[in-house]
Amino acid sequence: MSATTPLTTAASAMPPSAQPRTERSMARRERWRLLRRRPGFIAGSVVLLFWVVCAVGGERVSPHGPLQTGFPSSQAPSGSHLFGTDQLGRDVLSRVMAGARDVLLVSPFAALLSVIIGTLLGLIGGYIRGIADEVVSRVMEAVLAIPVILMGLLVFSTFGTSKTVKILTIAFLFTPIVFRTVRSVTLAEAELDYVTSARLRGEGPLYIMTREIVPNITGPIVVELTVRVGYAIFTLATLVFVVGGGRPEEPEWGNMVSQTYGLIQGGTWWPAIFPALAIASLVIAVNLIADSVESVYAS
Amino acid sequence: MDWKPFDRARATVGPEGLDLIESYSKGRINRRDFVRRGTVIGLSVPFLGAVIAACGGDDDTTSDDTAADGGSDTTPGTDTGTEPADTGGATGGIIRVATQKPAGPLDPVGMQDLGTYGIVAQCFEFLTTLGDSEMSPGVAPGLAETWESNEDGSVWTFHLRQGVKWHDGTDFTSADVAATMDRLAEANNSGLNGVIEAGSVDASDPAVAVFTLLAPNGNLPYLVSLYNAQSVITPVAYTTGTTLDASPNGTGAWKLKSFDAATGAEFERNPDWWGPAPALEGSVWSFFDDEGSMVTAASAGEVDTLVQFQFIGGDALFNDDNFTVNSFQAATHRQIWMRCDTGQFADPKVRQALGMCIDRQALIDTLFGGQADIGNDHVIAPVFPYFDASVPQRERDTEGARALLAEAGFPDGLSAVLHFGELQEIPELAQLIQAQAAEGGFTLELAGESLDTFYGAQWCPGEPADPPCSGAAELGIVDYGHRATPDVYLNAALSTGGVWNSSQYSSPAFDAAFADFSAAIGVEAQTAACKVIEEILLEDTPVIVPYFYNYISGFSNNFTGVRVSALGQMFLDQAAAA
Amino acid sequence: MTRYVLRRLALSIITLFLIILIVFLINNVFPSDIGRRLAGPFAPQVQVDEINEKLGTNDPLINQFGRLVKGVATFDYGDSYAQNRPVSDVIGQAFWRSMKLLVYALVLTIPLSVMAGIFAARRHGTVPDRAVVTLGVASSSIPEFVSSVILQAVIGVKLGWFHVVAKAPDGASILTQLSYLTLPALALVIVYFGYIARMTRAGVIAALDADYTRTATMKGLSTTQVLRRHVLRNGLQPTVSVVGVQIGYVMGSLVAIEKIFNYPGLGLTIFNAASKDPPVLVAGVLVVATVYMLATLASDLVLAWMNPRARLEVSR
């Protein structure tokens, strides 16, 4: 999955200029003001907020427990079960709501981890260059040349599908993409006067990377982070769908679809379609937010 | 009543036959079971018919059949598998078959899954084969035309069909039978293990195969039938590990034309087959990884017949006017095994408590739409003629379960991991058990995995090898396919040292009861032995058996005469385009 | 230019070597009894040992890796463990099946999404523009397994317009094959429409704003002429590079789609080989990676052809 291109273009469009600290905080306030005025950002945030409430609230906000069985099975949506019941007599709405928890725990963590590692490696590659850059770049390219779903499939089928494995796998798969972005913007930054002058002042590479370059490339990094969250949700759902999980009762969206999509053509569409729509709604919401963040940084 | 046939019978049938005729004439077994048992011990169908007529059996011909086939959902008249092709539809044509993808190589000795059984049984045949229809599920003459045993059932003689040729043109003889049986004995075939050994079959007369058994066994004709899927007769030239696609051969009605492990197989008519010429020219088999796509393909008319499908996800076909669903009672079941020798389930009270948590009727309704027989934690399925229904049914009682757990030293309940392989309805079963057991104090964590690893990692790991399966997980669900007799279940899964004994159950009382069952001659003796077995297993509960479910297959109404066994072997020789 | 291509190809070989290493390592983290998996849980241990012996799965890992690399280098992948035939047969057939699906999907997607992108860009800021953008975000946000399932249920089963299994009977004509492939191809169209349309739109908007466009308009060229001569040539460059990258990623989407439509292509083959057929797995992953690298290389070359300045950049 996961096209990476929109952000690389956005990233290279970043004005690569060194800004004093006060100017930066003013710019941050200005960006926040712009962001709030974008309808896409508002809509995305509302949907995201809904899922966050579901995830945090758990059984306090859902009508039933996600594992509770005993309702009549395969009932179509109705007043008593808004999303119907599944083939095992569980309330689909409660399961879909509970499913938000896993995805909102795993995806941001995985995205954050990939951004941290990718940024570190990208700084090394883009600033220090040399043999380290060559080695890291080659390995990253190799990982990138295998489509994420195939790579994830390999990892999942070897290590299983626990939460930790999921987070590490997604982080592993996305790191090269972050690396590529950060490396290219760092390359551009390293040519600039403020870096040269810092070097002439006798600052070490560690200082220059963390104190000088990073503050000037937060834009691409933030954009990368929001975009990665969206792809993490998408990729995880697909991987879980393809590989399946060891714990079938878990109300996980990809799992729910893979267990019930076979029922659709028999007329029982609700157990598969609602979690599918949940995935789509959350990815669209995060992508809308990411789009807004990206264009605010670009303007 | 006309007693004359019995006088004649006394002159022609052995002790087993007499016992059977008496059981039937006194009404202790029904007509269906009479025919089934009769065919197994080698009585001809006309002879059985004469006995039925003599007993005045004509009056209940139809009612008895339908009642006996209780779970059937088939519209009467569509299940006419007995109709010969030449009187039925048009000749010619190809039927498109959908089946689950074979899980391994097409090795007749080593195969273990329905997908492979189905392919292999297109080319190869059994000594005894599917009865005329599921209405009389006894065995019918296959490569053996007739068979009989000595007094105590320890020596069986099979008279082979003459003029049968292998697809490569050579003659089929008793040497092929002996070579096949030797291979099965060496591979510890689950059905024949302990029954024969290498060299048990005498092939000195090419037309006769004489089996000298290690111990008397009244069920041998079942053990060399399609119900022991690996017992297909393969040529002398085969060795363990030879696969059908590498060395295509067979005696059957169909020749393997092409095979691709990823996509499917094609068969063409064998013009030299010994039986009546099939109407169809051949068949095209498509392999599916996913049951959902298989059912979808059938509803969309992309395939003509499904070897097997599940109730969950198959509902579309039940309501499809262009499709005939064929559902029949079988012994297929799931065993929830609990380690009896060590761990939290070593105390029988804990095992009984888990059994008492299970709401069996709810499982059957949810998972099978009611198309299953209720299980009572023993392996004697209601489909078997010697099932004893008088043993009281274990009912759900979560309060009782908690009380038993407390007695066993778990006043706050206990936690365990429930292992299972991802096969058919088993993941769903695991989820329902998890929910039901929670109410009785069990906190079960589910751990599913692919069948590729499940059997070897959780069920019967290779190490430690002695006793077998002693490396099994504490708690798990394993699948058992249909068998015509419970011997394999009793022997492999529950006997002390049994090769599939994942619960490590070891009970001298049970072993003795099983020996009694094996040696029992005649329905009454077998039923009596089964009653003891049922009671012991219910009390000890080494495994929970929640249900025995119906085998469900189906075919498009564009075809007639498609027959299938509960082990996925499809018989197309009488099939024709409607 | 030639030097650039040669350098790229040389780097590709290093990448391929690293891919083999990565796949091999993941596959061998845990000791797996391949013989047992192949022979099944009930086969006698003797038979299992025989298989392991024959395949050399008990040899030291370094030897196994050496054999693997040597096999790849000499284009001799050996025999599939699970199927009794050469890996090249297994992968070859699967590859052509997947390519048919892929090409069909691209033939449907590219014109549709490029036109939608241009359409939106020329109406930049209006309601139709926003509609295209929203549609694009939405369609690329729906995982392909979700859209496949819906397409199958609605168009395949309910309406009965297309086949719900993707593989046509053997020997079917190309048209028949395409009709079987339509639903899975549509699922791919839905996923990739969004990316390509949005990329095209962004590129064309930028090109419309550019100085050369203004100059051309001032010179008095008609809108169509400006569009054809200047805007598209420049504005479609991001599209070309995204198509290149996407061809690689499509191979990943194939796993879920081929599973749902029961199409024995590369995705399904790799999926099935994941736990028990290392030669097929490695060969399959390598084929996918090669396609990916060739596609990106091709798109870079097309870019260079479209834009001489890029030629300088790539040869840097």
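Just so we're clear, the structure is a prediction, and the values are computed from it rather than from any experiment.

Thoughts on the packing of helix α11 (residues 348–357) of chain B against helix α13 (residues 398–407) of chain B
Residue and element names in this part refer to chain B.
Next, step 1: Remark: α11 packs on α13, axes separated minimally by 8 Å, with the N-to-C direction vectors making an angle of 165°. By the angle between their axes, α11 is roughly antiparallel relative to α13. Crossing of α11 over α13 shows left-handed handedness. The segment α11 lies against α13, with Lys349, Val350, Gln352, Ala353, Met356 and Cys357 engaging Thr398, Gly400, Ala401, Leu404, Leu405 and Glu407.

Observations concerning the interface of chain C and chain A
Next, step 1: Taken together, the contacts link 44 residues of chain C with 40 residues of chain A.
Next, step 2: Elements represented by at least two residues in the side of chain C that touches chain A include exactly α1 (2–27), α6 (127–141), α7 (144–158), α8 (174–209), α11 (237–260), α12 (266–273) and α13 (278–306) of chain C.
Next, step 3: A total of 13 residues in the side of chain C that touches chain A trace back to one element, the largest contributor, which is α11 of chain C.
Next, step 4: Its residues assigned to classes, the side of chain C that touches chain A comprises 34 nonpolar, 9 polar and 1 charged.

Examining the environment of Leu153 of chain A
Next, step 1: Take Leu153 of chain A: it is sitting in helix α6 (residues 148–159).
Next, step 2: Distance in space between the C-alpha atoms of Leu153 of chain A and Trp253 of chain A is 18 Å, their sequence separation being 100 residues.
Next, step 3: Those residues in contact with Leu153 of chain A, other than ones at most four positions away along the chain, are Leu239, Val242 and Val243 of chain A together with Val255, Phe271 and Ala274 of chain C.

Some points on the interface of chain B and chain A
Next, step 1: Facing the 22 residues of chain B at the interface are 16 residues of chain A.
Next, step 2: Only α9 (291–299), α10 (315–318), α14 (426–438) and β16 (442–449) of chain B provide two or more residues apiece to the side of chain B that touches chain A.
Next, step 3: Ranked by the residues each element gives to the side of chain B that touches chain A, the list is headed by α14 of chain B, at 7 residues.
Next, step 4: Residue classes in the side of chain B that touches chain A are distributed as 9 nonpolar, 8 polar and 5 charged.

Some remarks on the pairing of strand β1 (residues 94–100) of chain B
Residues and elements named next belong to chain B.
Next, step 1: Counting buried positions over the 7 residues of β1 gives 5, a clear majority of the element.
Next, step 2: Here 7 bridges tie β1 to strand β10 (residues 282–288), and the two strands are oriented parallel to one another. If you follow Ala98 over to β10, its bridge partner there is Ser286.
Next, step 3: The pairing of β1 with strand β11 (residues 305–306) spans 2 bridges and is classified as parallel.

Here we look at the domain arrangement of chain C
Size of an interface: often given as the accessible area lost when the parts come together.
Residues and elements named next belong to chain C.
Next, step 1: As assigned here, chain C comprises domain 1 (2–74) and domain 2 (87–315).
Next, step 2: Between the C-alpha centres of domain 1 and domain 2 the distance comes to 32 Å.
Next, step 3: At the interface, 15 residues of domain 1 touch 12 residues of domain 2.
Next, step 4: Listing elements by their share of the side of domain 1 that touches domain 2, those giving two or more residues are α1, α2 (34–39) and α4 (61–73).
Next, step 5: The element contributing the most residues to the side of domain 1 that touches domain 2 is α1, with 10 residues.
Next, step 6: Taken together, the residues of the side of domain 1 that touches domain 2 sort by class into 9 nonpolar, 3 polar and 3 charged.

Focus: helix α16 (residues 487–494) of chain B
Residues and elements named next belong to chain B.
Next, step 1: Burial analysis of α16 places 8 of its 8 residues in the buried class, which makes it a mostly covered element.
Next, step 2: When we look at burial in α16, the residues that qualify are Asp487, Val488, Tyr489, Leu490, Asn491, Ala492, Ala493 and Leu494.
Next, step 3: Those residues of α16 that are buried lie in contact with β13 (333–338), β17 (475–480), α17 (508–519) and α18 (523–540).

Some details on the environment of Ser94 of chain A
Residues and elements named next belong to chain A.
Next, step 1: For Ser94, the location among the structural elements is in helix α4 (residues 92–128).
Next, step 2: Separated by 30 residues in the primary sequence, Ser94 and His64 have C-alpha atoms spaced 5.6 Å apart.
Next, step 3: In this structure, Ser94 is in contact with Ser62, Pro63, His64, Gly65 and Pro66, ignoring residues within four places of it in sequence.

Quick word on the pairing of strand β20 (residues 551–556) of chain B
Residue and element names in this part refer to chain B.
Next, step 1: Most of β20 sits out of view: 6 of its 6 residues are buried.
Next, step 2: Across the two faces of β20 the burial is the same, with Tyr551, Ser553 and Phe555 and Ile552, Gly554 and Ser556 all buried.
Next, step 3: Pairing of β11 with β20 involves 2 bridges; the strand directions are antiparallel. When the bridges of β20 are listed, Leu306 appears paired with Gly554.
Next, step 4: Examined bridge by bridge, strand β12 (residues 323–328) and β20 share 6 bridges and lie antiparallel to one another. Within β20, the position partnered with Val325 by the bridge is Gly554.

Concerning the sheet that holds strand β5 (residues 155–160) of chain B
All names here are of chain B.
Next, step 1: Spatially, 4 strands are ordered β4-β5-β7-β6 in an open sheet, and the strand pairing comes out antiparallel. A single partner strand is all that each edge strand has here, and the edge strands are β4 (144–149) and β6 (201–202).
Next, step 2: With 5 bridges connecting them, β4 and β5 associate as antiparallel partners. Bridge pairing links Trp147 to Phe158 in β5.
Next, step 3: Running at roughly 30° to strand β7 (residues 208–212), helix α7 (residues 174–186) makes contact with β5, β6 and β7 of the sheet.

A short note on α7 of chain C
All names here are of chain C.
Next, step 1: Look at α7: 20 Å from first C-alpha to last across 15 residues, which is about the 21 Å you get at 1.5 Å a residue.
Next, step 2: At Gln152, α7 is deflected by roughly 25°, the largest bend along its length.
Next, step 3: Those residues of α7 not exposed but buried are Glu144, Phe145, Val146, Ser147, Ser148, Val149, Leu151, Gln152, Ala153 and Gly156.

Side note on the environment of Thr146 of chain B
Residue and element names in this part refer to chain B.
Next, step 1: Here Thr146 is to be found in strand β4.
Next, step 2: Here Thr146 falls in the partly exposed class, since 13 other C-beta atoms lie within 10 Å of it.
Next, step 3: The spacing of Thr146 and Thr157 is 11 residues in sequence and 8.4 Å in space, taken between C-alpha atoms.
Next, step 4: Those residues within four positions of Thr146 in sequence are excluded, and the remaining contacts are Gly42, Pro141 and His159.

So, the sheet that holds strand β9 (residues 264–269) of chain B
Residue and element names in this part refer to chain B.
Next, step 1: Pairing is mixed across the open sheet formed by 7 strands, whose spatial order is β8-β9-β10-β1-β11-β20-β12. Looking along the sheet, the strands with just one partner apiece sit at the ends: β8 (254–260) and β12.
Next, step 2: This element, α9, spans β1, β10, β11 and β12 of the sheet and lies at about 155° to β1.

Reading the values: the criteria
Residues numbered from 1 in each chain as written. Chains lettered and ligands numbered in written order. Predicted model: local features only at pLDDT ≥ 70, side-chain atom pairs only at ≥ 80, totals over all residues. Axes fitted to C-alpha atoms, helices over the stretch in contact; angles between N-to-C directions. Helix = DSSP H or I, 4+ residues; strand = E, 2+ residues; numbered from the N terminus. Parallel < 35°, antiparallel > 145°, perpendicular 65-115°, else oblique. Left-handed = near helix turned anticlockwise from the far one by under 90°. Contact = placed C-beta atoms within 7 Å. Nonpolar A, V, L, I, M, F, W, Y, C, P; charged D, E, K, R; others polar. Buried ≥ 20, exposed ≤ 12 C-beta atoms within 10 Å, placed from the backbone. Pairing = 2+ DSSP bridges. Domains from an automatic or database assignment. Expected span 1.5 Å × (residues − 1). Bend = angle between axes of the 7 residues up to and from the residue.

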